[in-house]
Amino acid sequence: MTVYKIYRILLGEEPVHYSDEKITDFPSAGELLEKKPKPGIVLIDGIKGNKTSDMLKVFWELVELRGSAEFCFAPIYISRTMKQLDIMVDGITANIEERLPEAISILERGARVRRDALIDNYNLRMLTYMYVRGDSYLLSPVCAPFSQWVYSYPHIALLLDSASKAAQMLRPEDLSGQDRLRSFRFDTEIMMALKAVAYLEDNGYIERYALVDRIRKCPKCRTGHLNYVDICPNCGSIDFEKKVMMHCFTCGYVAPDSDFRKSMSFVCPKCNTVLRHLGSDYDHPLESHECNNCGSKFIEPEVKADCLFCRTRTDPSDLTVVNVYSYKLSEKGSAAVRTGTMQMEVQLFDGQNNLKFGYFCNILEWMREYRKRYSDEAFSVIGLKFSNLYEVETSLGEDIYNKIMDELIFRIRSMVRSTDITTSSAPDTFWILLPRTALENSRILAERIEKLNDMLEITSEKKIEIRARSFQIPAEDDQTPAEQYLAMFAEEL
Ligand SMILES: [Zn+2]
Ligand SMILES: [Zn+2]
Ligand SMILES: [Zn+2]
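Cut-offs and rules
The residue count restarts for each chain, going from 1 along the sequence in the order it is written. The lettering of chains begins at A and the numbering of ligands begins at 1, in the order of writing. Local features in a predicted model are, by the rule used here, given only for residues with pLDDT of at least 70; side-chain atom pairs are given and counted only at 80 or more, and totals for whole chains, interfaces and linings are based on all residues. A helix here means a DSSP run of H or I that spans at least four residues, while a strand means a run of E at least two residues long, and both kinds are numbered starting from the N terminus. Labels follow a simple rule on C-beta atoms placed from the backbone: if 20 or more others lie within 10 Å of a residue's own, it is buried; if 12 or fewer, it is exposed; otherwise it is partly exposed. Working definition of a contact: two residues with C-beta atoms, positioned from the backbone, lying within 7 Å. Note on pairing: two strands pair once DSSP finds at least 2 bridges between them. What counts as a domain boundary in this text is fixed by an automatic or database domain assignment. Orientation is described by lines fitted to C-alpha atoms, with helices fitted over the stretch in contact, and by angles between N-to-C directions that extend from 0 to 180 degrees. Put simply, angles under 35 degrees are roughly parallel, angles over 145 are roughly antiparallel, angles from 65 to 115 are roughly perpendicular, and the rest are oblique. Classification used: nonpolar for Ala, Val, Leu, Ile, Met, Phe, Trp, Tyr, Cys and Pro, charged for Asp, Glu, Lys and Arg, polar for all others including Gly. Put simply, a nonpolar core is a cluster of buried Ala, Val, Leu, Ile, Met, Phe, Trp, Tyr and Cys residues tied together by C-beta atoms within 7 Å. Take the residue count of a helix, subtract one, and multiply by 1.5 Å to get its expected span.

Broken down by element type, the protein carries 15 helices and 25 strands. Considering only C-alpha atoms, the protein reaches an extent of 115 × 75 × 40 Å along its principal axes. Counting over 493 residues, the protein shows a buried share of 34%. For the protein, restricting intrachain contacts to residue pairs at least 6 apart in sequence, the fraction spanning at least 24 positions comes to 73%.

Here the focus is the sheet that holds strand 10 (residues 240-242). Taken in spatial order, the three strands make up an open sheet running 10-17-18, and their pairing is antiparallel. Across the chains shown, the open sheet's two edge strands, defined by having one partner strand only, are strand 10 and strand 18 (297-298). Where strand 17 (residues 289-291) lies against strand 18, two bridges are found, and the strand directions are antiparallel. Bridge pairing in strand 18 links glutamate 290 to lysine 297.

We note that the domain assignment places domain 1 (5-134 + 152-205) and domain 2 (357-491) within the protein. Spacing between the C-alpha centres of domain 1 and domain 2 amounts to 44 Å.

For the pair helix 4 (residues 122-132) and helix 10 (residues 331-339), interaxial distance at closest approach is 9 Å and the crossing angle is 105°. Our classification of the angle between helix 4 and helix 10 gives roughly perpendicular. Contacts from Leu124, Leu127, Thr128 and Tyr131 of helix 4 reach helix 10 at Gly333, Ser334, Ala336 and Val337. A breakdown of the residues in the contact of helix 4 with helix 10 according to their chemical character gives five nonpolar, three polar and no charged.

Axes are the key here: two packed helices are described by the angle between their axes and the distance separating the axes. One can describe the packing of helix 11 (residues 357-373) onto helix 15 (residues 482-491) by two numbers: an axis separation of 8 Å at closest approach and a directional angle of 105°. In terms of orientation, helix 11 lies roughly perpendicular with respect to helix 15. Only Ala482, Glu483 and Leu486 of helix 15 make contact with helix 11, whose side of the interface consists of Cys361, Leu364 and Glu365. Taken together, the residues of the contact of helix 11 with helix 15 break down into four nonpolar, no polar and two charged.

What follows covers unusual backbone geometry. Even without a glycine there, the phi angle at arginine 222 is positive, about 70°. With respect to the helices, strands and loops of the structure, arginine 222 is situated in the loop between strand 8 (206-217) and strand 9 (226-231). Looking at arginine 222, the number of C-beta atoms within 10 Å reads 16, which means it is partly exposed. Residue arginine 311 is not a glycine yet carries a positive backbone phi of 60°. By C-beta crowding, arginine 311 is classed as exposed, having 11 other C-beta atoms within 10 Å.

Read from one edge of the open sheet, five strands run 2-1-3-4-5, paired in parallel fashion. Looking at strand neighbours, the two that pair on one side only are strand 2 (24-26) and strand 5 (91-92), the edges of this open sheet. For strand 1 (residues 5-10) and strand 3 (residues 40-45), the ladder comprises six bridges, and the chain directions are parallel. Within strand 3, the residue paired with arginine 8 across the bridge is leucine 43.

The next point concerns the pairing of strand 11 (residues 245-248). Here strand 11 runs beside strand 12 (residues 254-256); their pairing, made up of three bridges, is antiparallel. Note that in strand 12 the partner of methionine 246 across the bridge is alanine 255. Between strand 11 and strand 12, which pair antiparallel in sequence order, lie five residues; one of them, glycine 252, sits at a positive phi of approximately 90°. Inspection of the sheet shows strand 11 paired to strand 16 (residues 282-283) by two bridges, in the antiparallel sense. Note on strand 16: the bridge partner recorded for cysteine 248 is tyrosine 282.

With that out of the way, let us pick up the nonpolar core. One finds Val42, Val58, Leu62, Leu85, Leu127, Ile156 and Ala193 to be the most contacted residues of the largest nonpolar core, which totals 75 residues. Two domains each donate at least three residues to this core, and these are domain 1 (5-134 + 152-205) and domain 2 (357-491). If we ignore the near neighbours within four places in the chain, the residues touching leucine 127 are Tyr205, Leu329, Gly333, Ala336 and Val337.

What follows concerns the environment of arginine 411. Residue position: arginine 411 is located in helix 13 (residues 398-415). Distance in space between the C-alpha atoms of arginine 411 and leucine 452 is 8.3 Å, their sequence separation being 41 residues.

Let us look at helix 13. An α-helix turns once every 3.6 residues. As a result, residues three or four positions apart point the same way. Here helix 13 contains 18 residues, and its C-alpha end-to-end distance of 26 Å stays within 8% of the 26 Å for a straight helix at 1.5 Å per residue. Where helix 13 is buried, its residues contact helix 12 (389-396) and helix 14 (439-455).

Shown next, in the form of structure tokens:
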């Protein structure tokens, strides 16, 4: 069994940690990282953490640790509870021995991870963080009432690329008090974490587990600190009053009852009729509010959601409804961690000729049978694989990437005949079955598809690469399952 190191970041003179386990002390995360340390457990100890400045110190150590490839997924503990920080660490303990079983299980799963792949892939770091915490780990949203984003995933925010950059730029000692407070709110990263989680979900790396809450956000700036105000439906003023209104039957005048009061009786200020009997002389109309700004009278004020951030007033029914979920790692996400590569899902083919992979294999086997009987019935298969999609998407951004892919998909689809059958065996691997097509002819098509590589004008370091090869199932073999053939062919792509 591997013996794991326990590192303690000792930030002050008041450690509470005691244990017989062997631990190595460092004055800061920076100095620990300089030693190119082996994987291990980290404990931050030494300060009480009830002052904001103390919490900030711990926070930036945490940002630095999580921002490193070495400790981005490591088990990290703090020795005392520190409010908002508690949810960003694996736990609070004054005795690391109590936490060793879970910490070691994190490190053991971490040993299966391709660490070199984590150096500049921050999305993969997030998946790895989830992966090493076990199959039952849930990425749960945290309600942050003081943040205008309301819910986010702060432990994920620590893993963002920008978090580590912010840590380098904003060391606590360089900040004045006001800046410290602001930086502690970590707002940009909190918002980026929401985007990162949405990206991982959209691409199938994480799956929704449970609906945790539903909140409403300003449609303009997407923040959630809203004040519901009631306003005059005529002029929008908030300055109106609820009043008992009177309605004179003689002339139809409507006004607050105070306007009608004259010594002991009610007299219409407009037509001077004395109003004696409710129901025959006057009544109380439904309009019971009067605006002090424009004077209009109305039954119910209008309710608007006033965004405290951008001050846009929105009809409550027009607010953006956001469901907040907890997530677990998907099969695809787990595979990405184990292989160290993230693949983008491509919807290359659709329509009725696009089959599930299993059916596609059945048809291949049926065609092989058919060909045995009618030897002039040639058929061939083209395998198609995209590479570097993830890298290009990350470096060019979603919009440009989508444009390129749309064009590419359009061109490839237009080369496929209506009698060809298609399928997909992986997020980036596709198959076209060409009936009545000899290998030489499908090779020509494969070459034409590969020519598309020359058409792509991509400015990023890595280029999208399409590989297309034509294959044939040998006539003499009728035993090997088609799936096995396709697996062999895929190796050549
Ligand atoms: Zn009147
Ligand atoms: Zn008004
Ligand atoms: Zn707003």
